Amino acid sequence: MLVGLHRVGLVAPRQLVLKGRSGSAKALGVAISNKQTVAALYAHSRRPFSSSSNRSGDEKKAEVRVMGSLYPADEWTNATPAILEKTGRNLLHKPSHPLAILKDIIFKEFPTFAHYDALSPVVSTFQNFDSLGFAKDHPGRSKTDTYYVNEETLLRTHTSAHQLQLLAAGAQKDAGLLGQAKNGDKAARNERFLVAADVYRRDEIDSSHYPVFHQMEGVCTFSRDEIQKMIMDRSAAADNGPAGPAEQGGNAARLTDTTVIGDSNPKQAEHTADEVAFLVEHMKQSMNRMVVQILTRAMAAKSSGGKQTTSSDGSSSYDTRFPVRWIDAYFPFTSPSWEMEVLYQGEWLEICGCGVMKQEILDTAGMTDRIGWAFGFGLERLAMLLFGIPDIRLFWSTDPRFTDQFQADHINTFRPFSRHPVCPKDISFWIPNAGEFHENDVMDLVRETAGDLVEGVKLIDSFTHPKTGKESRCYRINYCSMDRNVTNEEINGIQDKVRDRMVRQLKVTLR
């Protein structure tokens, strides 16, 4: 859900993952106002398209194959072969991969939550956007931001795409979907769950951004009666200090929180002030504890020369207190909403987005008697901190010099095995007068042509001709292999292909 950092870059910030008030999102769209939409949700999630799904008639339609299933292509289709190839890599299922190690650490922090890590990345536009209240004109729906399989189907841009699906599965006791939880006995009705998954977004190219990254989504709900009882119990025990959620990691962080629930970050009309106060305290303390535990282990590994092993309970003996601050935020599917930042090695890092769940989502799922909070963040950003990994491309490396450095249940600092020289190449062009031009189209074209030989792409110059009004741009492409030296001749050949495709596909005029 979340995201800003979400991604890795924290950012994304592409991280609830699509954020911003663009599109003046309404509370929740008409799409989820009718509970019949849940049936449509299930129909899509269980029925892959095939050639028979083509809209027309006699003419044979193009198809896209994703993880063994065929989907009809149309004018919205923009998922490239390089992106589709990543859908079957399953990095989270490799026990010794850094992302899988981090996933397991977080799962252990929430033992009473159902744990999901194998949900298909192919979702409907309803799941990804409408079910969460994204406005029809939200920029996240654009083809420049999202990888579409076709107009109604896409590669999820955030793990929140499964929020309504899993809540409804719990309410309807859907054994098929509930059975996909790794520990289904812990939360048999999905009243609390975590989802770890790969997500896809068109984005810039640099050491901390990649079009495929991984997120962790968390949902925690309570019955209203349960909350009232805990509030009463805490009130009765007030003389003995805070209890309940306040005990979770209360001493693990130095907190700065001056946020106020009000007109700019309002509670929902369906919730009482006491209920919201309880949910917010429980949520913030849970997030404080989780993030501080992770960063504490990162510091422990660094201080011990790169070697540190998690104990059986996931704790670390390294003692530190991290400054944490909370900032008001906006997400279409939570209100009030916040982002959490942590001061780590002198820099404030955006870690996650979270908030009180929109009641319409719970009501539509059939959980009308429950209220809750949700969070989401990008795993790569935390994994880069935890393991000292400097380049996001390394997570996809199959080089044994990278993969053999890590073991399941162990945390250690990455040891660089080589640093090969960068080969920079510039490309300058005039943007076409007709049609839409978007920088993400450049990024996608370069990555599709050069793959992971591209370390970064950066705009270094732009100007508008004073007479013609035409705009010129110059991008610097840094080519650098993670595991070998590249020759100037090799890169020149790739650069020629990039230039040719820029002209043919983006209709630019080279300078």
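Residues numbered from 1 in each chain as written. Predicted model: local features only at pLDDT ≥ 70, side-chain atom pairs only at ≥ 80, totals over all residues. Heavy atoms only, no water.

**A closer look at helix H10 (residues 379–387)**
Consideration 1: Counting buried residues along H10, nine of its nine residues qualify, which places the element largely inside the surrounding structure.
Consideration 2: Those residues of H10 not exposed but buried are Leu-379, Glu-380, Arg-381, Leu-382, Ala-383, Met-384, Leu-385, Leu-386 and Phe-387.
Consideration 3: Among the residues trailing H10, Gly-388 stands out with phi positive, at a value near 70 degrees. (Buried < 20%, exposed > 50% of the residue type's maximum accessible area, 1.4 Å probe, protein only. Helix = DSSP H or I, 4+ residues; strand = E, 2+ residues; numbered from the N terminus.)

**Overview of the packing of aromatic side chains**
Consideration 1: On inspection of all chains with the given rule, the structure shows 16 aromatic pairs.
Consideration 2: Between Phe-429 and Tyr-475 the ring centres are 5.9 Å apart and the planes differ by 10 degrees, which places this aromatic pair in the stacked class. You can see Phe-429 sitting in strand E16 (residues 423–430) and its partner Tyr-475 sitting in strand E18 (residues 471–479), a full 46 residues away along the chain. Neither Phe-429 nor Tyr-475 differs from the other in exposure class; each is buried. (Phe/Tyr/Trp six-rings, centres within 6.5 Å; stacked < 30°, edge-to-face > 60°.)

**Describing the sheet that holds strand E19 (residues 509–510)**
Consideration 1: With antiparallel pairing, the four strands of this open sheet are ordered in space as E17-E18-E16-E19. Each end of this open sheet is capped by a strand with a single partner; those strands are strand E17 (454–464) and E19.
Consideration 2: Of the strand pairs in this sheet, E17 and E18 are connected by nine bridges, and their pairing is antiparallel. Each residue of the ladder has a partner; that of Phe-463, found in E18, is Ser-472.
Consideration 3: The sheet strands contacting helix H13 (residues 488–506) are E16, E18 and E19, and the helix crosses E16 at an angle near 20 degrees. (Pairing = 2+ DSSP bridges. Contact = heavy atoms within 4.5 Å. Axes fitted to C-alpha atoms, helices over the stretch in contact; angles between N-to-C directions.)

**Some remarks on the sheet that holds strand E5 (residues 148–150)**
Consideration 1: Read from one edge of the open sheet, three strands run E4-E6-E5, paired in antiparallel fashion. Two strands lie at the open edges of the sheet, namely strand E4 (122–124) and E5, each paired on one side alone. Strand after strand, the sheet turns through a mean of 35 degrees between neighbouring axes, direction not considered.
Consideration 2: Examined bridge by bridge, E4 and strand E6 (residues 153–155) share three bridges and lie antiparallel to one another. Bridge pairing in E6 links Ser-124 to Thr-153.

**Re the side chain of Ser-397**
Consideration 1: The topology assignment puts Ser-397 in the loop between H10 and helix H11 (400–403).
Consideration 2: A distance of 3.1 Å separates a polar atom in the side chain of Ser-397 from the backbone nitrogen of Asp-399.
Consideration 3: In this view, Ser-397 contacts Phe-402 and Thr-403; residues no more than four positions away in its chain are not counted. (Polar contact = N/O pair within 3.5 Å; in protein donor to acceptor, adjacent residues only side chain to side chain.)

**Looking at the pattern of salt bridges**
Should their charged atoms come close, side chains of opposite charge can pair.
Consideration 1: One pass over the full model with this rule turns up 26 salt bridges.
Consideration 2: In this structure, Lys-86 engages Glu-85 in a salt bridge whose closest nitrogen and oxygen atoms are separated by 3.6 Å.
Consideration 3: Given the relative accessible area of 44%, Glu-85 is considered partly exposed.
Consideration 4: When the shortest N-O distance is used, the salt bridge between Asp-409 and Lys-108 registers 3.5 Å. Here the residue Asp-409 occupies a position in the loop between H11 and strand E15 (410–412), and Lys-108 occupies one in helix H3 (residues 98–109), the gap between them amounting to 301 residues.
Consideration 5: We classify Asp-409 as partly exposed; its relative accessible area is 40%.
Consideration 6: For Lys-108, a relative accessible area of 44% puts it in the partly exposed group.
Consideration 7: Put simply, Lys-103, Asp-104, Asp-117 and Lys-182 are held in one network by salt bridges that share partners. (Salt bridge = Lys/Arg side-chain N within 4 Å of Asp/Glu carboxyl O.)

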